[in-house]
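# Analysis of the macromolecular model
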Amino acid sequence: MGAEWRTVPTRAKVVALTFDGGANAAGAPAILAALERAHAPATFFLTGRWVETFPEPARAIGAGFVVGNHTYDHLDLTALPPRSVRTQVERAERAIVRVTGQSSRPLLRFPFGARNAATIELVNELGYGSIAWTVDTLGWQGTDAGRSAASVRARVLRALEPGAIVLMHVGAAPDGSTLDADALPQLISAVRARGYRLVGLDRYVRETVRPAPPSVP
């Protein structure tokens with residue numbers, strides 16, 4: 001496969017918190033407040049449709065945090081022809097730039113984590129690295145699936161390692177719970193108490209991914 005990261009490429013004790021936004025924005029206010037209070041960096045992977053539907057939280061995210069590309073419609077790109085994959089990525093980039101004021105390059109996360117060699121190569125050609133994750137909190141499953149803020153924290157702490165990338169979500173679970181948002185303040189404190197520093201992903205990936213092609217009109 002091409003350029004892809006499941007961990008931050010470093011041996012330092014750092015952790016990258018990442019948040020996907022593709023469904024709703026129920027957890028956004030609490031997440032942003034917790035990050036700002038803790039002066040904690042994070043990376044947000046947003047769909048183009050999400051930023052257009054929720055422009056206020058999208059602008060708040062863009063004003064203080066790194067934004068990555070989560071495609072426009074959150075479709076399984078491995079089921080699409082190459083031209084449609086390109087459209088999903090480029091349309092999202094245009095929406096993200098228009099709403100947040102920043103480009104999503106060089107960070108992209110495939111919806112559902114669904115990717116293959118062909119789709120990774122294609123997004124690499126568009127100037128993106130594929131960002132996977134080390135641990136999924138599973139907070140998106142909600143309380144109805146037996147998850148809790150405590151289980152979110154426990155999953156992350158069990159998976160801690162230098163360069164760990166944590167997958168969380170901005171939106172509520174189908175049952176309306178926002179477990180990632182609920183867990184975040186104590187999670188940040190617990191990660192730092194174990195000697196880890198929180199980092200954004202952009203500078204690590206930017207050093208590796210080839211320069212982006214000219215902007216899409």
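Report on the accompanying structure. (Residues numbered from 1 in each chain as written. Predicted model: local features only at pLDDT ≥ 70, side-chain atom pairs only at ≥ 80, totals over all residues. Heavy atoms only, no water.)

Broken down by element type, the protein carries 8 helices and 9 strands. For 217 residues, the compact-globule estimate of 2.2 N^0.38 gives 17 Å, and the protein sits close to it at 16 Å. Taken along the three principal axes of its C-alpha coordinates, the protein extends 45 × 35 × 30 Å. Per-residue burial for the protein yields a buried fraction of 53% across its 217 residues. Across the protein, the fraction of contacts at a sequence separation of at least 24, relative to all contacts at a separation of at least 6, is 77%. Each charge class in the protein can be summarised by its mean position, and for the 24 positive and 19 negative side chains these summaries are 5 Å apart. (Helix = DSSP H or I, 4+ residues; strand = E, 2+ residues; numbered from the N terminus. Rg over C-alpha atoms; globule rule 2.2 N^0.38 Å. Buried < 20%, exposed > 50% of the residue type's maximum accessible area, 1.4 Å probe, protein only. Contact = heavy atoms within 4.5 Å. Lys, Arg positive; Asp, Glu negative; His and termini not counted. Charge placed at Lys NZ, Arg CZ, Asp CG, Glu CD.)

Mapped onto the elements, L35 comes out in helix α1 (residues 28-38). Residue L35 is classed as buried on the basis of its relative accessible area, which comes to 0%. C-alpha of L35 to C-alpha of N116: the two residues are 81 residues apart in sequence and 33 Å apart in space. Apart from residues no more than four positions distant in its own chain, L35 is found in contact with L17, F19, A40, A42, F44, F65, L184 and I188.

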